[in-house]
Amino acid sequence: MSEVKAPIADTGEGKENTHPSFGTVTAPIGRVVSVSGSEAIVMLEPTATDGVSEGSIRADMGALLRVKTPSTIVIGMVSGLSVPIPEKDPKAVEIKVAELELLGEFQRNPDGTLGEFRRGVSTFPALGDAVFPITTDDLRRVYTSQRGSSIRLGSIHQDRNIPAHVVTDQLLGKHFAVLGTTGSGKSCSVALILRSILEKHPNAHMLLLDPHNEYYRTFEDIAEIINPDNLQLPYWLLTFEEISEILTAPNGTRDQEAEILHELVPLAKRRYATHVLNAEDGRLRKPKSVGHITVDTPVPYRMSDIVTMIDDVMGRLSKPQNLTPYRRLKNRIETISTDARYGFMFGGLTVRDNMKEILARIFRIPVNKKPITIMDLSGIPSEILNVVVSVLSRMTFDLALWSGRSVPIHLICEEAHRYVPQDAGLGFEPTKHSISRIAKEGRKYGVSLGIVSQRPAELDPTILSQCNTIFALRMTNSKDQEFVNAAVTDSARGLLSFLPSLAAAEAIAVGEGVSLPMRIKFDRLPNDRVPRSMSTRFSEQWNTDVRSDTFLENVVERWRAQRR
């Protein structure tokens, strides 16, 4: 597009303005006709929205404009365009106005140069002030963070030559969320964010809850991959609520069964603590005092002791009148203990105190060149999936708490709406409680939360409101859009109107982690690092037939063994 030349307007810098798309621009494209709060109305010059004539300048939705005041250069974003009085004749000159959200400003130094960009406006535009397109230099200064360590995620929509950065400490220290419908590039965006952080911080401690086994390709070179086949999460690490969810069946005697467990679990823990088998010489020894033991204290106990005590109660002369809860509980324990799907929790012939080793592996202490743990939850029985997530998120918070903030941890929850749903009747309450605790108190103890969801409207709003940085990818559902709009307190609601029309791997980024609300295009991951979340290509796969005689035999074998 050709250059647009005009007499040089006073911009406070004594030089011409260079617009990223339109060459050298010095003429104003409008003037301020109304100011109200953080918004201004600009009457545009006829060419400011003319996309036909050669060399015309467009004041598009989402574009940044600048307004000169006596002491600052105010930066605003176009959030609305309109023609108040349309003319019937399309060739007639019409009044065109732009709504401008005032986002921040540059302070003007005495020597005419501009200081650092900062959010908020101290000096508002006056009526009649000229409005100019923003310069390439100013765009770069606005979107290039100077607030500490930052990472590049992509480029800004206004100029693909200008990188989009986020501030690491603000992103992690105050939690973040990645939201978008299926196919919007959500998984790739999460993978890019995490890999970008890990490239700069190779001694991080991250735990990614992966319910669909998507991310192993992305991080296999730097990750500890844990799945049900190699997971160790013994039942004695569970709290009373968590173990009750597993061992008590949803029936009329559930409360009675839970009451029995509440009484027997502390007894089993004390019994185990009284005599521990010394693996070295086979002798019995009395262990060091473990202090006060409660039903929630994470110390080992034998499930066989629980069964023995139940048998003792049922065999007494003074046994309870109703033995049904005892029988149900015993049968449930015996059934689950022999179920191969629960082997990671109830497997093993002996019980030993390996809590230290479990924590070291899950939370990468020491890191040993694997700063992230991918917790593959795809093979976990669906009926206890929420319990497993509850244990992991609770352990994340407790480790940070009792380590005195010396091990900052980042927990990423994929498909978070499954664990922290808005509907109180869905999900497992301890899971919601433990994740909510991280959202509300985690920053005090060095625990960061990453929420990933394709259905933000189904998320608990309290948790999303604690995420101070949001990456909103394409959303077509009106409820999801309304929910995200309600969660955003920044002056970025004009940008959020683009949500239904965003391309794949495009996002609106708002919050503490970015210098200014922005529309960004995420960088591409290498093909061998793209998460395994591609849609099935029906048109290709339905052109070939499955003729293998062993295909279904192998499927049935994996199905029965619960292995992918």
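Refer to the structure presented above.
Calculation criteria
Residues numbered from 1 in each chain as written. Predicted model: local features only at pLDDT ≥ 70, side-chain atom pairs only at ≥ 80, totals over all residues. Heavy atoms only, no water. Pairing = 2+ DSSP bridges. Helix = DSSP H or I, 4+ residues; strand = E, 2+ residues; numbered from the N terminus. Disulfide = S-S within 2.5 Å. Buried < 20%, exposed > 50% of the residue type's maximum accessible area, 1.4 Å probe, protein only. Axes fitted to C-alpha atoms, helices over the stretch in contact; angles between N-to-C directions. Contact = heavy atoms within 4.5 Å. Core = buried A, V, L, I, M, F, W, Y, C linked by side-chain atoms within 4.5 Å. Phe/Tyr/Trp six-rings, centres within 6.5 Å; stacked < 30°, edge-to-face > 60°. Expected span 1.5 Å × (residues − 1). Arc of directions from axis to C-beta. Polar contact = N/O pair within 3.5 Å; in protein donor to acceptor, adjacent residues only side chain to side chain.

Walk down a regular strand and you will see the side chains alternate between the two sheet faces. Taken together, the four bridges between strand S7 (residues 97–108) and strand S8 (residues 114–119) define a ladder with antiparallel strand orientation. Residue pairing for S8: Glu105 is matched across the bridge by Arg118. Hairpin geometry of S7 and S8 is characterised by an intervening segment of five residues between the two adjacent antiparallel strands and by a positive phi of about 95° at Gly112.

What follows covers the state of the cysteines. What the rule picks out here adds up to zero disulfides. Here Cys413 is not disulfide-linked; the sulfur of Cys467 is the nearest cysteine sulfur, at 9.7 Å. On the accessibility criterion, Cys413 (0% relative accessible area) is buried.

Across the chain, the bulk of peptide bonds are trans and the bulk of non-glycine residues have phi less than zero. The step from Ile365 to Pro366 runs through a cis peptide bond, and the omega angle for that step is 0°. The phi dihedral of Arg364 is positive, around 55°, even though this residue is not glycine. With respect to the helices, strands and loops of the structure, Arg364 is situated in the loop between helix H10 (355–363) and strand S17 (372–376). The phi angle at Ala505 is positive, at roughly 70°, despite the residue not being glycine. Within the secondary structure, Ala505 sits in the loop between helix H15 (493–496) and strand S21 (506–511).

With mixed pairing, 11 strands are arranged side by side in an open sheet as S11-S10-S22-S21-S20-S12-S19-S18-S13-S17-S14. Of all strands in the sheet, those with a lone pairing partner are strand S11 (163–167) and strand S14 (223–226), marking the two edges. The average undirected angle you get between the axes of adjacent strands in this sheet is 25°. Across the sheet, helix H12 (residues 429–445) lies against strand S18 (409–413) and strand S19 (447–453), angled at about 145° from S19, the strand it touches most.

Core analysis: the biggest nonpolar cluster contains 140 residues, and Phe219, Leu233, Leu247, Ile306, Phe346, Ile372 and Phe471 have the highest contact counts within it. In terms of residues, this core owes the most to one element, helix H11 (residues 385–402), which gives 10 residues. For Phe471, the contacting residues outside a window of four places in its chain are Leu153, Val166, Leu171, Phe176, Ala177, Val178, Leu179, Ile193, Ile508, Ala509, Ile520 and Phe522. Within the second largest apolar cluster, 15 residues are counted, among which are Leu65, Val74, Ala98 and Leu100.

Below, the discussion takes up the side chain of Ser393. Looking at where Ser393 falls in the secondary structure, it is placed in helix H11. If sequence neighbours within four positions are ignored, Ser393 has contacts with Leu411, Ser434, Ile435 and Ile438.

A few words on the packing of aromatic side chains. Within this structure, the stated rule accounts for six aromatic pairs. Ring centres 5.2 Å apart and planes at 75° place the aromatic pair Tyr235 and Tyr301 in the edge-to-face group. Taken together, the positions of Tyr235 in the loop between S14 and helix H5 (240–247) and Tyr301 in the loop between strand S16 (284–285) and helix H7 (303–315) put the pair 66 residues apart, joining distant regions of the chain. A residue is classified by how much of its surface remains accessible, and Tyr235, at 7% relative accessible area, is buried. Where Tyr235 meets Phe346, the ring centres are 5.2 Å apart and the plane angle is 15°; that geometry is what we call stacked. Here Tyr235 is found in the loop between S14 and H5, whereas its partner Phe346 is found in helix H9 (residues 343–346), with 111 residues between them in sequence. One aromatic cluster is present, built from ring pairs that chain together Phe176, Phe471 and Phe522.

Here we take up helix H3 (residues 186–200). Its 15 residues give H3 an end-to-end C-alpha distance of 22 Å, which sits within 8% of 21 Å, the value for a rise of 1.5 Å per residue. Within the span of H3, buried status applies to Lys186, Ser187, Ser189, Val190, Ala191, Leu192, Ile193, Leu194, Arg195, Ser196, Ile197 and Leu198.

Right, let's talk about the environment of Ile380 for a bit. Within the fold, Ile380 resides in the loop between S17 and H11. According to the relative accessible area criterion, Ile380 is buried, its value standing at 6%. Spatially, the C-alpha atom of Ile380 lies 8.8 Å from that of Pro211, the residues being 169 residues apart in sequence.

Turning next to helix H14 (residues 478–487). Those residues of H14 not exposed but buried are Asp480, Gln481, Phe483 and Val484. Down the axis of H14, the smallest arc covering the buried residues is 160°, so these residues share one side. Counted as exposed and oriented over 90 degrees from the buried face of H14: Lys479, Glu482 and Ala486. Put simply, Asn477 is the residue that caps the front of H14, since its side-chain oxygen is 2.9 Å from the backbone nitrogen of Lys479.

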